[in-house]
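Descriptive structure summary
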Amino acid sequence: MGGLTGSFFAVIAREQLKASAFQISVLTMAPVAGSILSLLWANIMEGRRKMPYAQFSWLASRSLFFLMIFATTSWSFTGIVALFWVIASISGPAYSAIMKEIYPDGERVRIMGYVRVCAIGTSVIATALAGPLLKVVSYRYVFPIAGLFGLMSSLAFNRIPTCDMSGDCNTPVHKFVASAFMILHEDRAFLWFCLGIFIFGSANFMAAPIMAIYQVDELGVDTRWAALFSALTQIVMVVSYLYWGPYIDRKKPSTIVAFNSLLSSLFPLTYCFATKAWMLLPVAALSGITNAGLELSYFSGVLHYAPKDRITHYQAIFASLMGLRGIVAPFLGAILVQRDIISMRVLFALTSVLMLVSVVVQLTGVRRHETTAPARELEPIA
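Treat the numbers as computed from the prediction; the structure is a model and nothing was measured. (Residues numbered from 1 in each chain as written. Predicted model: local features only at pLDDT ≥ 70, side-chain atom pairs only at ≥ 80, totals over all residues. Heavy atoms only, no water.)

1. Overview of the environment of Y114
With respect to the helices, strands and loops of the structure, Y114 is situated in helix α8 (residues 108-136). Looking at Y114, the relative accessible area reads 36%, which means it is partly exposed. In this structure, the C-alpha to C-alpha distance between Y114 and G245, residues 131 residues apart in sequence, is 7.7 Å. (Helix = DSSP H or I, 4+ residues; strand = E, 2+ residues; numbered from the N terminus. Buried < 20%, exposed > 50% of the residue type's maximum accessible area, 1.4 Å probe, protein only.)

Here it is as structure tokens:
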């Protein structure tokens, strides 16, 4: 499902439907916008089995791809994609709790890395097929087929046996939210961990819609180029997961986040000088390394700091902060460029500087305040 859809949302919207910068910004922020409600979803799940919530959100969101047959305007296309991401985000707190339940501490990230290898390997094939296919067959027919795969994956995931019912289902939502925000006051290391990621993500989201527009308008990127970039990224991710999984299990997540944020600061700088589509190929390859590292270290970081009985609290506050940056930053970047306050290249340079700032926050803030013992013992690599 992911290989047939995700890599092509922005390109199709801009190239075929002439989406505006605002609409591209909506597509950029949509994957994290629903996370702003994570505290509400987490509260509803307290004291109940988490699997039904994960399955419901996936079934409901992936069914929306069937509506693509009617998406003939930029607004209808943007609306369906945005709603897909918002509903899918309901699964976030439930998914974290499920991963904590079914995989053992010390081995969790390695196992999740292996699972990602299988998923990304399949996605590479689907993306490679979809790139040229979408030049001759409309997305209005390809995306509903992707929806079928999404529904099948939801039903397969539901076969995993789970029984975790942690949390108190009688906790009022206002007390749950207040308790979650108190985490940032009580756990200063987690606060700085979130702050570093917040700064990095804000910079990334601020540049993302402008990068998509720059690719199509200035570099002539179409669905075939998008497929090539995505396939290259995913191939590198497959190899990277095999390395990052065991490595992250034995290292502090903040160190991994800082390293990958440092590498990622090179991406917007590349856009400053790119004049041809092929010049983005190194970015696509390097992003495979950083995407894998950041995905696993973000997830591992929440579980690293969270006590077992407060996983949904930690995941919800983390996701809410990530959702906040994803809602605001894309529109900020679009406004700065659309109103000619700064040029595209200046924006790219600014986001690179902000990413470097996030590295400093991760390396100094977290280490200064990480005085409490982590959820599990970390061993140095031999």
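2. So, the pattern of salt bridges
Between side chains of opposite charge, pairing is possible as soon as their charged atoms come close. According to the stated counting rule, one finds six salt bridges in the structure shown. Here D222 ties to K135 by a salt bridge, and the two come within 3.8 Å at their closest N and O atoms. In this pair, D222 is assigned in the loop between α11 (188-217) and α12 (223-249) and K135 in helix α8, connecting sequence segments 87 residues apart. On the accessibility criterion, D222 (9% relative accessible area) is buried. What makes K135 partly exposed here is its relative accessible area of 38%. Several salt bridges share partner residues, and in doing so they unite E15, K135, D222 and R224 into one network. (Salt bridge = Lys/Arg side-chain N within 4 Å of Asp/Glu carboxyl O.)

3. Overview of a nonpolar patch on the surface
On the surface, I36, L37, L40, I44, V173, L324 and V328 cluster together to form a nonpolar patch covering roughly 510 Å² of accessible area. Elements with a contribution of two residues or more to the nonpolar patch: α4 (38-45) and α16 (311-338). With respect to the helices, strands and loops of the structure, L37 is situated in the loop between α3 (21-33) and α4. Owing to a relative accessible area of 38%, L37 belongs among the partly exposed residues under this scheme. (Patch = residues over 30% accessible without salt bridge, like charges linked within 9 Å, V, L, I, M, F, W, Y side chains within 5 Å. Areas by Shrake-Rupley, 256 points an atom, 1.4 Å probe, with all protein chains shown as cover.)

4. As for the packing of aromatic side chains
Applying the stated criterion across every chain, the model contains 29 aromatic pairs. Aromatic ring contacts, followed pair by pair, group F9, F65, F77, F84, W85, Y139 and F143 into a single cluster. (Phe/Tyr/Trp six-rings, centres within 6.5 Å; stacked < 30°, edge-to-face > 60°.)

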